[in-house]
Amino acid sequence: MAKPLRFEDVARLPKSDDNCAIALQDLEAGSAIDRKGFVFSTDFHVPEGHRLATGAVRRGQPLLSWGLPFGHAERDIAPGSYLCNEGVLSELRLRGWSRPLPPAPNFSDLRLFPYEVDGSKLRPGRQVSAVQPMFFRGFDRGDRRGVGTRNAIVILATSSRTASVANRIAERLRDAAAAVPAVDGIVAVTHTEGGSETRPNNEEIVLRTLAGFIVHPNVGAVMALDYGVEPINNSLLQDFMRRHDYPLEATPHHFLSIDSDLDKILREAHRRVSGWLKSLEGQSRSPQPVSRLKLALQCGGSDAFSGISGNPLAGQVARQLIAQGGTANLAETDELIGAESYLLSNVRGLETARRLIEKIERFKERVAWHGSSAEGNPSGGNRFRGLYNITLKSIGAALKRDPEVRLDYVIDYAERMSQAGFYFMDSPGNDLESVAGQVAAGANLIFFTTGNGSITNFPFVPTIKIMNTTRRYRLLSHEMDINAGAFLDGEPMETLSRRTFQSAIDVASGESSCGEKAGHSQVSIWRDWRQTEFRAPREAEPTFTGIPAARLAGKIRKSSQLPSERVGLILPTSLCSGQVAQMIADRLNRQPREEGGISRYAALVHTEGCGVSAGITESLYSRTLINYLRHPNTALALLLEHGCEKTHNAYFRQKLAEAGQDPARFGFASIQLDGGIARVAEKVQDWFESRKDRVGQGFRRVEGLDTLSVGLATPGQVDRRGAEVVAELARRLTDSGATIVLAEPGPDVLADWADRPRQPTLGYGEKAGTAGLHLMDSPTRDWSEILSGLGATGVHLILARCPGHPLNANPLVPTLLYTPSDRPGDWDLVLDETAGNAVDRLVRLILRTATGEIAPKSYQLGLIGFQITRGRWGVSL
């Protein structure tokens, strides 16, 4: 008989009086475990990070971790039993778990009620005391801005419409900035907000965030870009900053409205940035007290060990910083649900306590407007790695506040931190959205704890990533900065925290973090929400007929050339793998390609797949991406997961099978499981190389308009003549047998066409299966979202009429932009709509593009964008 395993070697109790433990390794079914002379055996295989009962639990009794309940026993539970709820069992089944699973869950999640603050029992806490001052080397921006840990030039897209221009400027000027040692780089800060046709519900949040970016102490100079016509623009931003007393004049800045072609804008940006580089060249770091550091405490890809190693380590470092007179910021409102009692066990006073609970209840209310629940936050990766429900996730997340540290202040998203101390900032659990708010609040250093291996970074604030376990740290050592797993291996937390604190000082003083060395980053501001009151949501998206409007009679000359598009698509399954997917696509595009093979590589970088409500929103998302995988322009496609998202590779394998697609046709890679960025990049490249002989298989020839599918869009206002031209173009194309997909509001454009569709015939991103005229449902009027939905319908190219400024193009589907105006810009066609040959010119433009004779100007200039809609019910979690 095998000797029983020592409990201390294979499991960990978060607190001594808990009745369940976390497995430190996979435990086979039937494993005997000795805990202080009491021997029990596991009934099923217990995966690493999952929980097992350490004693008998009667039906209805609570299960405890960190001394707090997270569920109730559904039946009597014996010592050694594998603890599982329905969420974990479903996740394991989804991932094709090979071991036998319990037939039913043995506990149900804790039912959560609004937390009530009892003022009569609340006792104000004490903050940790001061110690001998320490110093780092930073950039002193004065009292109103603070001290910077970096000195970056920022090209800021004021709204989503100028994102691609901001990226191009930063790319063009990067080498010039690299030649100035005092400057830590030139970075583009882009986001998804403020680009629709109406003022968004999150307007104040966006303005407050952008204002915080502009005056941030890590910013040496900033250029803000707009077209001047967006709902959120430079004028509105400047007015907001003046009204709220932001120290704008203390930051070298320039607000630039784009009123010409890209070359002219690049020249203007170069002139402006060159002047800044000269002024910044003489700047240098100087000794600064550690009290000037403001630390953002963040977690992502959390697992069961987040509350054991990573988060307590971050909390102890924050305690040392607070003791120095510094500042720390905890965030993610929905990831505190169930941990309120712990957070308020040491609080400044009744006002702070009540404000915290108000933020939590307000968050729940906003999510309920959208027919969802904040308690549905844990991602598939969270559950797979042992975080069964929101209570467990919240308790572990709250441990980023050390018990000895007092909660001092509760602030709104992106509200500036004006006093030293420990803050909580209202924000969603979506990591990137939350980080953006913390940076705007003034955080000049980020601690990011992770169990699965989140690799995200912010453009101008260094991110120090803390890995929870040694095994994962070794797998991702090039992406992680600190191994908190050393604590699980026996290193005292006090020793580890001192070492981590010194590493933080080193990074604040200029040493590059792993993320900065890797060279990728991403920004996402708390996204807009549609609902502003409670409405019962539809249980499912409405069904559209897919039947096009009747065709008309007529003929047009046909072409018989081969289109040039054979795209190698790298599809990120979530926001966190987006930038890595783009890096790999760029790398592949720089390599020579064989004639007749892949024409180019593309990545669909977006901000979805995690930290957002499910239901209808998730179905829109998965359908859209799957339709890009089977798009006629896609020759080969590989899915790249981050590894801890809701919509991971296993999720998409299932969705592909449900859509009648063979998952074996596609490649799959994982940043986390394949060992980090460098290794996964090699895997992706090898996969495409191994399948190059399949590039031509199933490739469609465009032999005329009857084999062509075209997306038409009319963003903005359309006058009478403009509508007539679009209507006549649609007549011509459908008359020739082409498939046309119009983005709403198509019926207004086709007002005089008797056969026009009265209602959408296709859902957002739904594939057009029948030739003819279709109208695609567009839940928002955001151009990037409309564009992304149109591309997923399967159209070979997209033609958009732009009455004002140029728009971003789809990264996979060639996008043509024409205008009737005389406004300067990079247009594919300036069209006199009163001329008799206007429609003929558009038809020729379409045919020349479809056959590869010409390429859209937006492709030549690199002005592309992609964003999937959240529909009418999506909301950040």
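These lines cover the structure that appears in this document, whether it is placed above or below. (Residues numbered from 1 in each chain as written. Predicted model: local features only at pLDDT ≥ 70, side-chain atom pairs only at ≥ 80, totals over all residues. Heavy atoms only, no water.)

1. Things to note about the overall build of the protein chain
Of regular secondary structure, the protein chain possesses 25 helices and 33 strands. Scaling as 2.2 N^0.38, a compact globule of 877 residues should have a C-alpha radius of gyration of about 29 Å, and the protein chain matches this with 28 Å. Structurally, the protein chain occupies a C-alpha span of about 90 × 65 × 55 Å along its principal axes. The burial tally for the protein chain puts 63% of its 877 residues in the buried class. Of all intrachain contacts in the protein chain linking residues separated by at least 6 positions in sequence, the fraction that spans at least 24 positions is 75%. Element-wise, carbon and sulfur atoms account for 47% of the exposed surface of the protein chain, whose accessible area totals about 32200 Å². Positive and negative charge centroids in the protein chain, built from 102 and 101 side chains respectively, lie 1 Å apart. (Helix = DSSP H or I, 4+ residues; strand = E, 2+ residues; numbered from the N terminus. Rg over C-alpha atoms; globule rule 2.2 N^0.38 Å. Buried < 20%, exposed > 50% of the residue type's maximum accessible area, 1.4 Å probe, protein only. Contact = heavy atoms within 4.5 Å. Areas by Shrake-Rupley, 256 points an atom, 1.4 Å probe, with all protein chains shown as cover. Lys, Arg positive; Asp, Glu negative; His and termini not counted. Charge placed at Lys NZ, Arg CZ, Asp CG, Glu CD.)

2. As for the nonpolar core
Ranked by size, the top nonpolar core spans 141 residues in total, and within it Leu156, Phe213, Ile214, Leu356, Phe447, Phe458 and Phe460 carry the most contacts. Top element by residues in this core is helix H7 (residues 306-323). It accounts for eight residues. Aside from chain neighbours lying at most four places away, what touches Phe460 is Arg150, Ala152, Val154, Val187, Val189, Phe213, His216, Asn218, Val219 and Val439. (Core = buried A, V, L, I, M, F, W, Y, C linked by side-chain atoms within 4.5 Å.)

3. What to know about the state of the cysteines
Here the structure, examined in full by the defined rule, presents zero disulfides. Of all cysteine sulfurs in the structure, the one in Cys644 sits closest to Cys299, which takes part in no disulfide; the separation is 11 Å. Of the residues examined, Cys299 reaches a relative accessible area of 2% and is grouped as buried. Cys576 takes part in no disulfide bond, and the closest cysteine sulfur to it belongs to Cys644, at a distance of 6.2 Å. Note on Cys576: relative accessible area 12%, which makes it buried. (Disulfide = S-S within 2.5 Å.)

4. Topic: the pairing of strand S17 (residues 294-299)
With five of its six residues buried, S17 lies for the most part within the structure. Relative to strand S18 (residues 327-330), S17 is paired through four bridges, and the arrangement is parallel. Looking at the pairing, Leu295 lines up with Ala328 of S18. Read from S17 through H7 to S18, the crossover connection turns out right-handed. (Pairing = 2+ DSSP bridges. Right-handed = clockwise from strand over helix to strand, strands pointing away.)

5. Looking at the sheet that holds strand S9 (residues 107-109)
If you trace the three strands from one edge of the open sheet to the other, you get S7-S8-S9, paired in antiparallel fashion. Edge positions in the open sheet fall to strand S7 (62-65) and S9, since each of these has one partner strand only. Neighbour-to-neighbour, the strand axes of the sheet open up by a mean angle of 40 degrees, direction not taken into account. Each of S7 and strand S8 (68-73) touches helix H11 (residues 390-398); the most contacted strand, S8, lies at about 165 degrees to it. (Axes fitted to C-alpha atoms, helices over the stretch in contact; angles between N-to-C directions.)

6. A closer look at the sheet that holds strand S24 (residues 567-572)
Pairing is parallel in the open sheet, where four strands are placed in the order S25-S24-S26-S27. Lying at the two open borders of the sheet, with one neighbouring strand each, are strand S25 (600-603) and strand S27 (667-670). In this sheet, neighbouring strand axes are inclined to one another by 20 degrees on average, regardless of whether the strands run parallel or antiparallel. One ladder, built from four bridges, connects S24 with S25; its direction is parallel. From the neighbouring strand, Ile570 faces S25, where its bridge partner is Ala603. Strands in contact with helix H17 (residues 578-589) are S24, S25 and strand S26 (634-641); relative to S25, the strand with the most contacts, it is inclined by about 170 degrees. Sitting on the sheet, helix H18 (residues 616-629) touches S24 and S26, and the angle it makes with S24 is about 160 degrees.

7. With respect to the pattern of salt bridges
Side chains that differ in charge, positive against negative, can pair when their charged atoms come close. Tallied over the full model, the rule gives 46 salt bridges. Where salt bridges share partners, they join Glu193, Glu433, Arg527, Glu608, Glu785 and Arg870 into one cluster. (Salt bridge = Lys/Arg side-chain N within 4 Å of Asp/Glu carboxyl O.)

8. Quick word on the packing of aromatic side chains
Under the counting rule described, the total for this entry stands at 17 aromatic pairs. Where Phe213 meets Phe460, the ring centres are 5.8 Å apart and the plane angle is 85 degrees; that geometry is what we call edge-to-face. Within this pair, whereas Phe213 is found in helix H4 (residues 203-214), its partner Phe460 is found in the loop between strand S21 (445-450) and strand S22 (463-467), the two being separated by 247 residues in sequence. Put simply, the rings of Phe363, Tyr413, Trp526 and Trp529 pair up and form one aromatic cluster. Stacked on the ring of Phe7, the Lys or Arg Arg35 has its end atom at 5.3 Å from the ring centre. In this structure, Arg95 is placed above the aromatic ring of Phe384, and the distance from its NZ or CZ to the ring centre is 4.2 Å. (Phe/Tyr/Trp six-rings, centres within 6.5 Å; stacked < 30°, edge-to-face > 60°. Lys NZ or Arg CZ within 6 Å of the ring centre and 35° of its normal.)

9. Considering helix H12 (residues 431-440)
Counted residue by residue, H12 has 10 buried out of 10 residues, so it is predominantly covered. Residues of H12 that are buried: Asp431, Leu432, Glu433, Ser434, Val435, Ala436, Gly437, Gln438, Val439 and Ala440. If you follow the buried residues of H12, they end up packed against H4, S17, S18, strand S20 (421-425) and S21. Downstream of H12 by one or two residues, Gly442 has phi in the positive range, about 120 degrees.

Remember, this is a structural readout, not a statement about activity or role.
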